[in-house]
Amino acid sequence: MSRRSVLGATAGVLGGGAAWYVTRDRAPWPSLDGSPGATTDEPAASGTDAAAAGEPFQSIVNAAPLEDRTLVLIELQGGNDGLSTLVPYGDGRLADLRHNVAIDPEELIVIDDQFGVNPNLAAMHDQGVAYLQGVGVPDPGGSHFGMEQRWWAGAAEGNALPHTGFLGRVCDQLDVGAPVTGVSLGGGNTPALISAKAVTLGLPDRDAGWYLTNEDPWFRSLRTGWVGLAAESPDDGTSAKAARRGLRTAIDFADVISGITEVEVPRYEDSGDIGESLAVASVLLGADLGVRVIHVPIGGFDTHSDQRGTHDNLLRQISNAVAGFRTDLADLGLGDSTLIATTSEFGRRPEQNDNGTDHGSASVAMLAGPVVPGLHGETPSLTDLDDDDNLVATVSMGEYYATLAAWFDIPATEVLDVANAPLTDLLR
Amino acid sequence: MALLSALGPRLHRWFAGEPSADAQRAHALRRLHLTTHPGQVQALRDLDPRAAVRDLLGRDNATILSEEEIAAVDFSESGDQTLLGWYLERLVDPDAGLHERMTWFWHGHLTSSLARASAEALWRQHHLIRRHALGNFRDLLQEITIDPAMLYWLDGAGSRGEQPNENYAREVMELFALGVENYTEDDVRVAARGLSGWRVDWETLEVSFDREQHYERPLTFRGERRRWNNESIIDKICDDPACAPHVTRAIYRTIVGGEPSPTRLEELAGVFRENDLEIMPLLEAMADHPEFLLARHSRPKSPLEWLVGMVAVLGPADVELDPWWLTRLGHAPFYPPNVAGWPIDDRWVSGTQSLLRTSLLMDQELSDRLIDAVEATVDEVLEHCSLFDVSPSTRAALDEAIRNQPEYERGLDLLILLALTSPEFALA
């Protein structure tokens, strides 16, 4: 070896191939100790045995055991235009408000004489989607950041935001000491997953952490060093404490990722970044590592200008990604135990500007998996708008979040500051 | 305390919470410059820490290009890489001082993004910011309001008076100048009309004003009725009592860290206002104050600050810079996550960041120059990394690592890697 550091030398050898993905052909998904990922006392529910035996997956309605249930929340950042997602084409007012932004009714996937779905959502729609109309907050603001904060924190009013995020509190309720309970994929860390005790992690990168599992003595020394650095010192300030906690999480994560190798991406055709994130999600869920909540952000919905092309592309990628993801989940026997749901900080204004739309209020949430497909919630009026000419929400964030919490049998009072009742008839 | 004193002055001081003079000098460099390069603390040893602060404030280290130099750079191919590459070179230059610090600050405050504007447009905007980085806030805001990259980024380009785009109108008040609680939806609507009428030529990036598309009738904006244009709208915003405190608070979070007390904010905003929003007097009032030197480690380093610090330690001349690094760390210049720029919080020291930063270090190698210059001892490595007054747990971790790794080169690698991933190095 030349007079060069081991940092460079070893990276060359190990950096490329070392990652924590499971290849597609390595089913059944192994857990860390090499045993099958299924819990042995619930083999039918997890479906791993069936998948291993090559038998077709059979849906078991409402039968997913509580401890197997997981949530994948897709955050549509920028403000998704609900009126171009689930289109109320039967309301003549829509064409008046949007002369070049509205989708031609002839292109829509028709639901009934009032509603049609954006044709770009076809792949996902065909597998069954619940469209929840009018989701918003009672007194909406127009600021992305103000409204994102409210959605992340799960505080509809926006005053006195809790320090933790809604998903972080859900993770706290689900925490059984797993190395990682909540993961955000594709965007790094998110305030939505800030928790009080459960460990949550944001992974922007697919092969983070290869060096944590290397057994060369030098790497072992390094790991020992990190354990030392992660130990608290008596005079640590807040930031120092946080920095040591960060190191600790990284070291713990090493235990989680050992034994898992690579998955191929792109995995779902024409599905963009969200397709990669959901491919990773399928691996994490399939490997049964204790991850219960996965957050997947996707940006670009702030369609002030040139809305049609941008929005159509985004919806098509989401549709392809979710459809591929659900196929994988079904193969893994996780189709009935994984709830997929979307949020967005707000919708768009009903009346367009030049060729886009400005910030609005209520929007449409989409849910897939163990849900009742079709339309849910009351349609917001296109005539009786609020003072800012925006839609008036008919379903509150609190009710929506209470429903997501109810999926885990968590009472709304444990994760929200107001005792909202969950929506009935949405989940099955 | 007798026992602690017996452990040596360094440890005693650490427990007493009173940073050594070197620790204070290093702190001043980290905040007023972008990082500490090896030897810079030592070069300030003739000055007490407060005098060192004044010295750093007084240095003229601005890099301002002439119009010819700006026009001479070719962006026709790989424009993003050219732009990022040029900027990264500037950021890691040991001579980069307060002017670079504030150029970077303003880019994060008055954001624009390659997601919407071309590399050449961002390049020109970058030099606009450079010209005003230590100048006058009003001039900066006036110019950036009609800067091509900004007009694209926040949809001012092509906004027509009869159907104006509200994007810039909102963000200039909410994020750039006043704060979310200091404007109304009505203000947004009026300001959007006042700001309308601007166009940008895609090819030449020339900006022009089209009176036909500007809203020409009188409107009431924040209590004043008149015909408005971009200049009078921005002037009105800059004259607002909320402007000086909002901008002061933003700068304070970077330079001092955390939130100013109400008294201190009033004091500093007063200085800013009395000096007609001149930036330099505000910085002097902020840093030449006992509070500043006590604010060591009051916030985490941003990923960019960490990276610049890492390059400083390994040697700017010996590291092959890769703009992609900053993308991986979630802190790429010219790609803010959204219009609010990059938040300052504990996500900067999360487990995610630990994993990413260490991955990045694994790809580096120590130069012969560094191997010749630094002994593989804990004291030499800490001083080379400008880490003074480290905590007992950090020192213990390094001590143990070098005991286990007597082989010289691998020991030096290990110590430098641990120092660069230590909690102390993660703090500003």
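Scroll up to find the structure this text is about.
Residues numbered from 1 in each chain as written. Chains lettered and ligands numbered in written order. Predicted model: local features only at pLDDT ≥ 70, side-chain atom pairs only at ≥ 80, totals over all residues. Heavy atoms only, no water.

Which residues make up the side chain of Asp147 of chain B, and what values go with them?
All names here are of chain B. By the element assignment, Asp147 lies in the loop between α10 (137–145) and α11 (148–153). At 3.1 Å, the side chain of Asp147 forms a polar contact with the backbone nitrogen of Ala149. Not counting the four nearest positions on each side in its chain, Asp147 is found in contact with Gln125 and Leu128. (Helix = DSSP H or I, 4+ residues; strand = E, 2+ residues; numbered from the N terminus. Polar contact = N/O pair within 3.5 Å; in protein donor to acceptor, adjacent residues only side chain to side chain. Contact = heavy atoms within 4.5 Å.)

Describe in detail the pairing of strand β5 (residues 130–136) of chain A, supporting the description with residues and values.
Residue and element names in this part refer to chain A. Burial of β5 is extensive: seven of the seven residues sit out of reach of the surface. Bridge count between β5 and strand β11 (residues 374–376): three bridges; the pairing is parallel. Looking across to β11, one finds that Leu132 is bridged to His376. (Buried < 20%, exposed > 50% of the residue type's maximum accessible area, 1.4 Å probe, protein only. Pairing = 2+ DSSP bridges.)

Lay out the pairing of strand β8 (residues 293–298) of chain A in plain terms, naming residues and giving numbers.
Residues and elements named next belong to chain A. A large share of β8 lies buried, amounting to six of its six residues. Residues Val293, His295 and Pro297 point to one face of β8 and Ile294, Val296 and Ile298 to the other, with burial holding for every one of them. In this structure, strand β1 (residues 70–76) lies alongside β8, joined through six bridges in parallel fashion. Within β8, the position partnered with Leu76 by the bridge is Ile298. Here strand β6 (residues 182–185) pairs with β8 via three bridges, running parallel. Looking at β8, one finds that Ser184 is bridged to His295.

Could you give an account of the sheet that holds strand β4 (residues 116–117) of chain A, with specific residues and numbers?
Residue and element names in this part refer to chain A. With antiparallel pairing, the three strands of this open sheet are ordered in space as β2-β4-β3. Only two strands of the sheet have a single partner each, and these edge strands are β2 (86–87) and β3 (109–110). Where β2 meets β4, two bridges bridge the pair, whose relative direction is antiparallel. Its bridge partner being in β4, Val87 is matched across the sheet by Gly116.

In short, geometric facts, not functional conclusions.
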